[in-house]
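Coordinates in review
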Amino acid sequence: MQDAPRIRRGRTVSGEVGAYLERLIASEFTPGDRLPTERALAERLEVSRTTVREALRELEQRRLIARSPGRGTTVLASSAAARALRALTVEGAERADVAELRLLVEPQIAGLAAARATDSDLVLLEQTLAASHAGLTPAESLRLDVRFHLELAAAAGNPLLVSLCELTNTWVEDVRARSHATRVGRRSSVEGHRRLFDAVVAGNVDAATTSMVDHLQAVAALVAEAGS
């Protein structure tokens, strides 16, 4: 199990714990696995069992885990609908079509995230943003870019939107890689994400929606310039 984080007392402590557990589930557990007990997690993270319980309740509401007396906490599989959507492929998907799809969907995702993001969502987004900067390698910058957008989709509270973003990522991987190939492109990505994050933290749906439109258009302009 990954090292326990130093829990900050900035946002709610349960939000920090929830963010840690969500990353832990994604990296070290598979569907059907059981998480450590509330007592064990509380001791490991040096927080109260009440705090752990609150974090687990949020993960349960997001359908990441199931809790039951006598069985403990079990990691859940993705929903059948989400798995079916991720299994879709579009052979020869046109870049213009994918770009149009992203411009239709992702601003709405950003708006929903501004309206629905929990403390755990904000912690995850903030951690990803803090790790992002123009001095990263193109591959690392791209990885964090994809992670930020998926975490934003998760903050929207609809697992199908996460699956849709995962799907579109496979269609535009080469395009996004070109946008991260230069320091200017990497800096533009971070700045766009920072504006998105600020709007989501503020709960400003209109600003989040507009920021995503601006961000996607800026990326498109960079790619077009690189290809000219």
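Basis of the calculations
Residues numbered from 1 in each chain as written. Predicted model: local features only at pLDDT ≥ 70, side-chain atom pairs only at ≥ 80, totals over all residues. Heavy atoms only, no water. Buried < 20%, exposed > 50% of the residue type's maximum accessible area, 1.4 Å probe, protein only. Helix = DSSP H or I, 4+ residues; strand = E, 2+ residues; numbered from the N terminus. Lys, Arg positive; Asp, Glu negative; His and termini not counted. Salt bridge = Lys/Arg side-chain N within 4 Å of Asp/Glu carboxyl O. Polar contact = N/O pair within 3.5 Å; in protein donor to acceptor, adjacent residues only side chain to side chain. Contact = heavy atoms within 4.5 Å. Axes fitted to C-alpha atoms, helices over the stretch in contact; angles between N-to-C directions. Parallel < 35°, antiparallel > 145°, perpendicular 65-115°, else oblique. Left-handed = near helix turned anticlockwise from the far one by under 90°. Nonpolar A, V, L, I, M, F, W, Y, C, P; charged D, E, K, R; others polar. pLDDT = per-residue confidence, 0-100. Pairing = 2+ DSSP bridges.

**Some details on unusual backbone geometry**
Not every positive phi belongs to a glycine, and Glu 46 is a case in point at roughly 60°. The exposed category is assigned to Glu 46, whose relative accessible area is 67%. Phi angles above zero are rare outside glycine, and Arg 63 is one such case at about 65°. Mapped onto the elements, Arg 63 comes out in the loop between helix 3 (49-61) and strand 1 (65-68).

**Some points on the side chain of Arg 186**
Tracing the sequence through the fold places Arg 186 in helix 10 (residues 183-202). Salt bridges are absent for the buried Arg 186, whose nearest opposite-charge side chain, Glu 140, sits at 11 Å. Only 2.9 Å separates the side chain of Arg 186 from the backbone oxygen of His 180, close enough to count as a polar contact. Apart from residues no more than four positions distant in its own chain, Arg 186 is found in contact with Ala 134, Leu 136, Thr 137, Pro 138, Ser 141, Ser 179, His 180 and Ala 181.

**Notes on the packing of helix 1 (residues 13-28) against helix 3**
In contact at an axis separation of 8 Å, helix 1 and helix 3 are set at 55° when each is read in the N-to-C sense. On the basis of the axis angle, helix 1 is oblique to helix 3. Of the two elements, helix 1 crosses helix 3, and the hand of that crossing is right-handed. In contact with Val 13, Ser 14, Val 17, Gly 18, Leu 21, Glu 22 and Ile 25 of helix 1, helix 3 contributes Thr 51, Glu 54, Ala 55, Leu 56 and Leu 59. The class makeup of the residues in the contact of helix 1 with helix 3 is seven nonpolar, three polar and two charged.

**Structural notes on the pattern of salt bridges**
Per the counting criterion, the structure on display carries eleven salt bridges. Salt-bridge contacts for Glu 60 lead to Arg 67; the nearest nitrogen and oxygen are separated by 3.1 Å. Residue classification places Glu 60 among the partly exposed residues on the basis of a relative accessible area of 31%. With a closest N to O distance of 2.5 Å, Asp 121 and Arg 62 form a salt bridge. Of this pair, Asp 121 sits in helix 6 (residues 119-131) while Arg 62 sits in the loop between helix 3 and strand 1; the two residues are 59 residues apart in sequence, bridging distant segments of the chain.

**A look at the confidence of the model for the protein chain**
In this model, the protein chain carries an average pLDDT of 86, and 86% of its residues clear a pLDDT of 70 or more. When the criterion is pLDDT under 50, residues 6-10 qualifies, and its contacts beyond four places in sequence or with other chains add up to ten contacts.

**Let's talk about the environment of Arg 67**
Topologically, Arg 67 is positioned in strand 1. Counting along the chain gives eleven residues from Arg 67 to Leu 56, while the straight-line C-alpha distance between them is 8.5 Å. For Arg 67, the side chain forms a polar contact with the side chain of Glu 60, separated by 3.1 Å.

**A closer look at the pairing of strand 1**
The pairing of strand 1 with strand 2 (residues 72-75) spans four bridges and is classified as antiparallel. Looking at the pairing, Ala 66 lines up with Thr 74 of strand 2. Once strand 1 ends, the chain turns through three residues before running back antiparallel as strand 2, passing Gly 70 with a positive phi of about 90°.

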